[in-house]
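# Reading the structure
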Amino acid sequence: MIRTQIFTIFMIILMGIPSPEHTNRFATAQQNNPAKSDPLTNSIFTRFNAMAFLLHDDAVDDLGFCIRNITAEWNEAFDFSHDTRFLTNCIQKNNGDIVPRLCTAADIKFYLTVLSEAERQGFKTSTYVKGNKNCNLTSWVPGCEPGWACAAAKDVKVDLTNKEDMPYRTTNCQPCCEGFFCPTGLTCMIPCPSGAYCPLASLNRNTNICDPYRYQPPPGVTNHTCGGADVWAAVTSSREVFCPAGSYCPTSVEKHSCDPGHYCRLGSTYETECFQFATCDRETVSQNITAYGIMTCVGLTLLLLIFYNCTDQVISTREKRKAKSREAAAQSAKELAQERWRSAKETAKKKAIGVQSSLSRTFSRKKTAMPDMSKDQEQSGVGHDATSSKDVMHDIEEDPEGQDTFNVDMGEKMSKKELKARKLHTRSEIFKYAYGQIEKEKALEQQDPNLTFSGVVSMAADPYFRSRPRIEVSFEDLTLTLKGKNRHLLRSVSGKISPGRVSAVMGPSGAGKTTFLSALTGIARGCTVNGSILINGKRESMHSYKKIIGFVPQDDIVHGDLTVEENLWFSAKCRLPAKLSRAEKVLVVERVIESLGLQHVRDSLVGTVEKRGISGGQRKRVNVGLEMVMEPSLLILDEPTSGLDSSSSQLLLKALRREAHEAVNVCMVVHQPSYSLFRMFDDLILLAKGGLVAYLGPVNKVEEYFSGLGIHVPERVNPPDHYIDILEGINMTSGVNYKELPVKWMTHNGYPIPPDMQDSDSKPESSHDGSTSTVGWHDDQSFAAELWQEFKLIIQLKNDNFLSYFSRRKDLSNRVTPGVWNQYRFFLGRVAKQRIREARLQAVDLLLLLIAGISLGTLAKVSDENFGVVGYTYTIIAYSLLGKISAMRSFTSDKLQFWRERGSGMSCFAYFFSKDTIDQFNTILKPAVYLCTFYYFNPPRSSLLDNYVILLCLLYCVSGFAYALAIYLEPGSAQLWSVLLPVVLTLISTQNDEGSIIPLLKRLSYPSWGLEAFVLANAERYRAVWLLTRCAAIAKRGYDLRDWKFCLMRLLVAGLGFRVLALFLLVAFQKK
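So, a few notes on the structure that sits alongside this text.

How each quantity is defined
- Residues numbered from 1 in each chain as written.
- Predicted model: local features only at pLDDT ≥ 70, side-chain atom pairs only at ≥ 80, totals over all residues.
- Heavy atoms only, no water.
- 1 Å grid on protein atoms, 1.4 Å probe; cavity = no way out; pocket = protein on both sides within 12 Å on 5 of 7 lines; lining within 4 Å.
- Points joined across faces, edges and corners; volume = space filled by probe spheres on them.
- Helix = DSSP H or I, 4+ residues; strand = E, 2+ residues; numbered from the N terminus.
- Nonpolar A, V, L, I, M, F, W, Y, C, P; charged D, E, K, R; others polar.
- Buried < 20%, exposed > 50% of the residue type's maximum accessible area, 1.4 Å probe, protein only.
- Pairing = 2+ DSSP bridges.
- Axes fitted to C-alpha atoms, helices over the stretch in contact; angles between N-to-C directions.
- Contact = heavy atoms within 4.5 Å.
- Salt bridge = Lys/Arg side-chain N within 4 Å of Asp/Glu carboxyl O.
- Phe/Tyr/Trp six-rings, centres within 6.5 Å; stacked < 30°, edge-to-face > 60°.

### Considering empty space enclosed by the protein
For the structure shown, the criterion picks out nine cavities of 30 Å³ or more. Quantified by volume, the largest cavity comes out at close to 150 Å³. In terms of lining, the largest cavity is formed by 17 residues, of which the most central are His-559, Ser-571, Leu-626, Glu-901 and Met-906. Of all the elements in the fold, those that place two or more residues in the lining of the largest cavity are helix H14 (564-575), helix H16 (616-628) and helix H29 (895-903).

### Thoughts on the layout of surface pockets
Computed from the structure, the second largest pocket encloses a volume of approximately 1,200 Å³. Lining the second largest pocket we find 46 residues, and of these Asp-561, Glu-610, Glu-838, Leu-841 and Ser-893 sit closest to its centre. At the level of elements, helix H26 (820-837), helix H27 (839-859), helix H28 (869-892), H29, helix H30 (908-937), helix H31 (944-968) and helix H32 (971-989) are the ones that each hand at least two residues to the lining of the second largest pocket. Examining the composition of the lining of the second largest pocket, we find that eight residues originate from one element, H28, more than from any other. Looking at the lining of the second largest pocket residue by residue, the classes come out as 14 nonpolar, 16 polar and 16 charged.

### Some points on unusual backbone geometry
Put simply, Asp-211 and Pro-212 share a cis peptide bond, and its omega is 5 degrees. Mapped onto the elements of the fold, Pro-212 is located in the loop between strand S6 (209-211) and strand S7 (247-248). A positive phi angle is found at Glu-283, which is not glycine, with a value near 60 degrees. Relative to the assigned elements, Glu-283 resides in the loop between strand S10 (272-273) and helix H8 (290-365). If you check the backbone angles, Gln-672 has positive phi at about 50 degrees while not being a glycine. Examined against the element boundaries, Gln-672 turns out to sit in the loop between strand S17 (665-669) and helix H18 (675-678).

### A short note on the pairing of strand S13 (residues 502-506)
The buried fraction of S13 amounts to five of the five residues, a majority that puts the element mostly inside the structure. Burial of the side chains of S13 extends over both faces: Val-502, Ala-504 and Met-506 are buried on one face and Ser-503 and Val-505 on the other. Relative to S17, S13 runs parallel, the two being bridged by four bridges. Residue pairing in the sheet places Ser-503 in a bridge with Cys-667 of S17. Bridging between S13 and strand S18 (residues 683-688) involves four bridges; their strand directions are parallel. Looking at the pairing, Val-505 lines up with Ile-685 of S18.

### Focus: the sheet that holds strand S19 (residues 692-698)
With respect to topology, six strands assemble into an open sheet ordered S15-S16-S17-S13-S18-S19, the strand pairing being mixed. The open sheet terminates on both sides in strands that have one partner only, identified here as strand S15 (549-552) and S19. Sheet twist, expressed as the mean angle between neighbouring strand axes with direction ignored, is 10 degrees. Against the sheet, helix H13 (residues 513-521) contacts S13, S15, strand S16 (634-638), S17 and S18, and its axis sits at roughly 155 degrees relative to S16.

### Re the pattern of salt bridges
What the rule picks out here adds up to 28 salt bridges. The shortest N-O distance in the salt bridge between Arg-1050 and Glu-1012 comes to 3.4 Å. With Arg-1050 in helix H36 (residues 1044-1068) and Glu-1012 in helix H34 (residues 1006-1019), this residue pair connects regions lying 38 residues apart in the sequence. For the residue pair Arg-1050 and Glu-1012, the accessibility class agrees, reading buried in each case. Salt bridges here are not isolated pairs; linked through shared partners, they connect Arg-468, Glu-659 and Glu-662.

### Topic: the packing of aromatic side chains
Aromatic ring pairs are defined here through the distance separating the ring centres and the angle between the ring planes. Under the definition given, this model contains 28 aromatic pairs. Plain terms: the ring middles of Phe-475 and Phe-516 are 5.3 Å apart, the flat faces sit at 80 degrees to each other, and that makes the pair edge-to-face. Here the residue Phe-475 occupies a position in strand S11 (residues 473-482), and Phe-516 occupies one in helix H13, the gap between them amounting to 41 residues. Here the two residues Phe-475 and Phe-516 agree in accessibility, since each one is buried. Ring geometry for Phe-891 against Tyr-963: centres 4.9 Å apart, planes inclined by 70 degrees, an arrangement best described as edge-to-face. Of this pair, Phe-891 sits in helix H28 while Tyr-963 is found in helix H31, placing the two residues 72 residues apart along the sequence. Look at Phe-891 and you get buried, because its relative accessible area is 2%. Three or more aromatic residues joined by ring pairs make a cluster, and in this case those are Phe-570, Phe-827, Phe-891, Phe-898, Tyr-911, Phe-912, Phe-913 and Tyr-963.

### Observations regarding the environment of Leu-1011
Along the polypeptide, Leu-1011 turns up in helix H34. Here the alpha-carbon distance between Leu-1011 and Tyr-872, two residues 139 residues apart in the chain, equals 6.6 Å.

### Re the environment of Val-702
The residue Val-702 is located in helix H19 (residues 702-708) in this model. Val-702 gets classed as buried once you look at its relative accessible area, which sits at 0%. In this structure the C-alpha to C-alpha distance between Val-702 and Pro-719, which are 17 residues apart in sequence, comes to 9.0 Å.

The structure is reproduced here in structure tokens:
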């Protein structure tokens, strides 16, 4: 097959493929041809061009892999119509006897056979000569020597299109004409293409070599001189035929040195003018455009600095304006509250005076009935109203500024309020509305409930409140058993948690407190759940209510590169009802910020491990606030007070009690609360070891219950600490066995007692510590059996996680949150802020690309022999490595935050595509940053645009690959694979083995597609004299010039496929 292709290459390239356009071009060019008046020259030129027209169809089929437009490239390589003087000179030299000296199709076929047998995988010449009818062991005429040719006999008709029979050429042997080359073992001439320099050779007396070629004249033949060129093949074997670097050759018989200000590459037909700031001396091979690279780098750096500074300034300015608007709105709301309070004060005064005078008259008439009257007034509330009103008025008169938190609304209607909320547009109006509502709520909390007697005084609290759905969770005989093991994490837990109450879950370490919360919220994985969990008396899945359930994890999982307000505001936008106006959402966020005491740090970054932000206690409150802003009906908290001091804990619990006042069901795990904090809870769930209940009921009755069991709390001892010490087995002074407390609780409430717990005295300790008991047959199992059992458990756990996510459950929350598109917009804004605040890290990535470009551009020079394969190979390795490492940060940095957000019902698609959208900025920018050093320090022949497009597609592919690695693997493993894979796959793509595995891996590896695109883009720029080199290199690597766009398409499709895989892994798999 390769012989056929090579033969067709030579036939078509050397003989030409005329076309109607070429005929017209030839006719036009001949008007300015110095030899146009020579009829013989015109006749030979026309015959030479028309001969190859017969092979046009075969050429299109066989040469398409290395020549995109065969006609155009032939015209560029062998169109001598502009100057046929070399042909005229050859005709004159041979007295018009030139056609019998030209090679026919059969001669060229023989020549290609010699080359292909010498080097089947390339176009390297060889001294190997194969016998033919003209040159063999019995007949070796001078024309068989390199650089010489002979003519056919006069009675032999030479048909240039004959591909079967070589004519006899053994007469009138002479040196090859200038502008032609005569291969060894043939006795004919072939014209040299454009970009070649084929002068007559001269004998070097010192080396006995025919310069500038590499052949020697035959020894012992005195009348045999050096001839012309002897070979045209790939540049590695026939460099002497190529026009030398630093010179240009308008024709194959002319050579001129490159002038200053110009450069001439190897095989140039004209000198190329250098850029304005490039340095080009005389006979310069390539222009030094490092200055342009430096200017490009400086320009990109300035643009990036301007962009980052401007965007950061825009964010800062926006936050400042927002803060000023917020302060002004708060002040306006307070002033309005004071004004309305004064109005209410005057009205209350008048009413109080009227009530007092009425009482005085009554007392004067019936002094003896004073006690009864007072009693009746006390029952009716009238007298108390007057007294309370007078006290409040006195406080206002003494400290009017201190009452600025009261806000009284005289006759404001709900419909007007709703209409007003919908008409709010500016930030000042929204904040004014929000703070006005907060002031009203403060007034509601602080007002005397009897102040509004007889309907005279109406406080400024809005009568319209969004009612939250009530969620009561009851559980009966709830038992959790670890799959594959006889280990109870929870056992026989019965009771309920009610809306409007704050429940505390307490117990010693290992009692299953967090497991209990996980069971309630339905996120316990790898466990067998027995018993029943009822929601509002119905057996429903907790996931059906996830939009109105808030879960605060034990760890503070918040975005450290966002401010406190930004964290809360994002959660509110994504999780509050979509129909809620912006003003109402601002009100919710402001209320949470104020209730958690975060006003003074609202604009501060939360902070990360590397960058310090707010304090640990404030971070804990932000962690809770993320769930409070979505206005949940059920709020579950896992140790929210851990690490907080007593004041911060009380502040947090007060905020949670405010939530409970709005019928929110609050349940939280606490460790060692103070007595004052303990008394703020409504209910207590006290767990013993093994997940057993020791007490579940009101807090105010816990001491009474344990006193009935003979457990009394000593003086100056915190009751919860005392009970936990007893359950831990530390305090044994009560005389009650702590292992009996769960059984006593079951007996007290009439719950069924498990059979293995009925005779508690005869059981070992481990029997009641269900969390640590295991079945004895595990000890008898072999290591392989245990390993197989663990493997099955892991597979089953992953399967449960997978099915739990894709299982469809009916949404019973009656809340419509923003859709995927709106969440995508919210995520997009958040990710953009995060990227801007990572400007230093982004700058380091770009700096590494600049350094890599300088290093590779300086060390890995682009070689004409291999079309820059070495430099492009190193480029793919370095570029893929740096691109993957930076792309992985998109999903490794906030993986925990995403899992929390996904559990609350946020869209995985919005999260993923927002990240990918922002990362496309780097996909567009990074190729330009790398090329501004690599391309200008080591410019290939391919255009800057071609290299940019290839790098852009390559980065799109590797970034998608990095997404999948970052999502599925741990950070350490993902980084290891991101370093290893580019190196291994790139090395595979450079192999030419014909085995079964390497070619398959090569076809499927993205570095192979990128390398092919680079080589094809660069090879297409090598024309004319480079055609054989190009076709040889492309054929050797198995490339196809028509596949350049296909390579780019494969990279883009692979990048898209990797992103689909990454999205699937993001949705289906969640690691701890």
